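Residue strings, one per chain:
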Amino acid sequence: GQSLEQPSEVTAVEGAIVQINCTYQTSGFYGLSWYQQHDGGAPTFLSYNALDGLEETGRFSSFLSRSDSYGYLLLQELQMKDSASYFCAVSRAGNNDMRFGAGTRLTVKP
Amino acid sequence: SAVISQKPSRDICQRGTSLTIQCQVDSQVTMMFWYRQQPGQSLTLIATANQGSEATYESGFVIDKFPISRPNLTFSTLTVSNMSPEDSSIYLCSGGPGSYEQYFGPGTRLTVT
């Protein structure tokens, strides 16, 4: 079977750094993706990790450890507009699909 | 990246009727998918829309209820058939070079009365 676990809620203040963790159990793991979704909006692709290590894109970074079945999304210099839900999602080798975690609701406070 | 449009953006339908949702991508994409999402919850994959062949459905979703077409690499439709109030949800289509990187349409908010 498959499972993804991520915290349901995270709160941080403007300008801070926050890390959203994601652990997964899936056969044929291929890669881990992250999506952002604002209330009433569509999910937006943020990053994808297929190999171990850190991928940096501006204020956002994503990390993967395949041996630990673990990844995280790191958001730096938090802004109010970063308040949203963040989903990790796994893709599997040989399967043209992706499974989403339950999502983490990030609230950024002034 | 790809820009995806969906229509209608929302609809209110009576039970027993059907609604077809259209999804248009501004460029050719390899993969297209259909999801369902309840407000405040995660995305549930309905099916993978395969170009030129039958869609691949996830457990719990069947072709008779959710027929899907994908006539080319930029367009797909999802029909919600014989609707009941339980079908009320947001329906999202996505497309991209692979399942790992998807771009989503704005969604169709469906209410069944």
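Everything numeric here is computed off the predicted structure, so don't read it as measured data.

**Looking at the overall build of chain B**
Line of reasoning, step 1. Helix and strand counts for chain B come out as 0 helices and 11 strands.
Line of reasoning, step 2. For chain B, the sequential pattern of α-helices and β-strands runs β-β-β-β-β-β-β-β-β-β-β.
Line of reasoning, step 3. Expected size for 113 residues packed as a compact globule is a radius of gyration near 13 Å; at 13 Å, chain B falls within 12% of this value.
Line of reasoning, step 4. Expressed along its principal axes, the backbone C-alpha trace of chain B runs to roughly 35 × 25 × 20 Å.
Line of reasoning, step 5. Every one of the 113 residues in chain B was classed for burial, and the buried ones make up 52%.
Line of reasoning, step 6. Within chain B, contacts between residues separated by at least 24 positions form 54% of all contacts whose residues are at least 6 apart in sequence.
Line of reasoning, step 7. For chain B, the computed accessible surface area is about 5200 Å², with 47% contributed by carbon and sulfur atoms.
Line of reasoning, step 8. Charge-centre separation for chain B: the mean point of 7 positive side chains lies 8 Å from the mean point of 8 negative side chains.

**As for the interface of chain A and chain B**
Line of reasoning, step 1. Counting residues at the interface gives 17 residues for chain A and 19 residues for chain B.
Line of reasoning, step 2. When chain A packs against chain B, the two sides together hide about 1400 Å² of surface, and 59% of this comes from carbon and sulfur.
Line of reasoning, step 3. At the junction of chain A with chain B, the criterion picks out 1 salt bridge.
Line of reasoning, step 4. One salt bridge connects Glu58 of chain B with Arg99 of chain A, and the closest N-O pair in it is separated by 2.4 Å.
Line of reasoning, step 5. At the boundary of chain A and chain B, one finds 5 residue pairs in polar contact (both at pLDDT 80 or more).
Line of reasoning, step 6. Mapped onto the side of chain A that touches chain B, the elements with two or more residues apiece are β4 (29–37), β5 (44–49), β9 (84–92) and β10 (98–100) of chain A.
Line of reasoning, step 7. Split into classes, the residues belonging to the side of chain A that touches chain B amount to 9 nonpolar, 6 polar and 2 charged.

The rules we used
- Residues numbered from 1 in each chain as written.
- Chains lettered and ligands numbered in written order.
- Predicted model: local features only at pLDDT ≥ 70, side-chain atom pairs only at ≥ 80, totals over all residues.
- Heavy atoms only, no water.
- Helix = DSSP H or I, 4+ residues; strand = E, 2+ residues; numbered from the N terminus.
- Rg over C-alpha atoms; globule rule 2.2 N^0.38 Å.
- Buried < 20%, exposed > 50% of the residue type's maximum accessible area, 1.4 Å probe, protein only.
- Contact = heavy atoms within 4.5 Å.
- Areas by Shrake-Rupley, 256 points an atom, 1.4 Å probe, with all protein chains shown as cover.
- Lys, Arg positive; Asp, Glu negative; His and termini not counted.
- Charge placed at Lys NZ, Arg CZ, Asp CG, Glu CD.
- Buried area = accessible area lost by both parts, 1.4 Å probe.
- Salt bridge = Lys/Arg side-chain N within 4 Å of Asp/Glu carboxyl O.
- Polar contact = N/O pair within 3.5 Å; in protein donor to acceptor, adjacent residues only side chain to side chain.
- Nonpolar A, V, L, I, M, F, W, Y, C, P; charged D, E, K, R; others polar.

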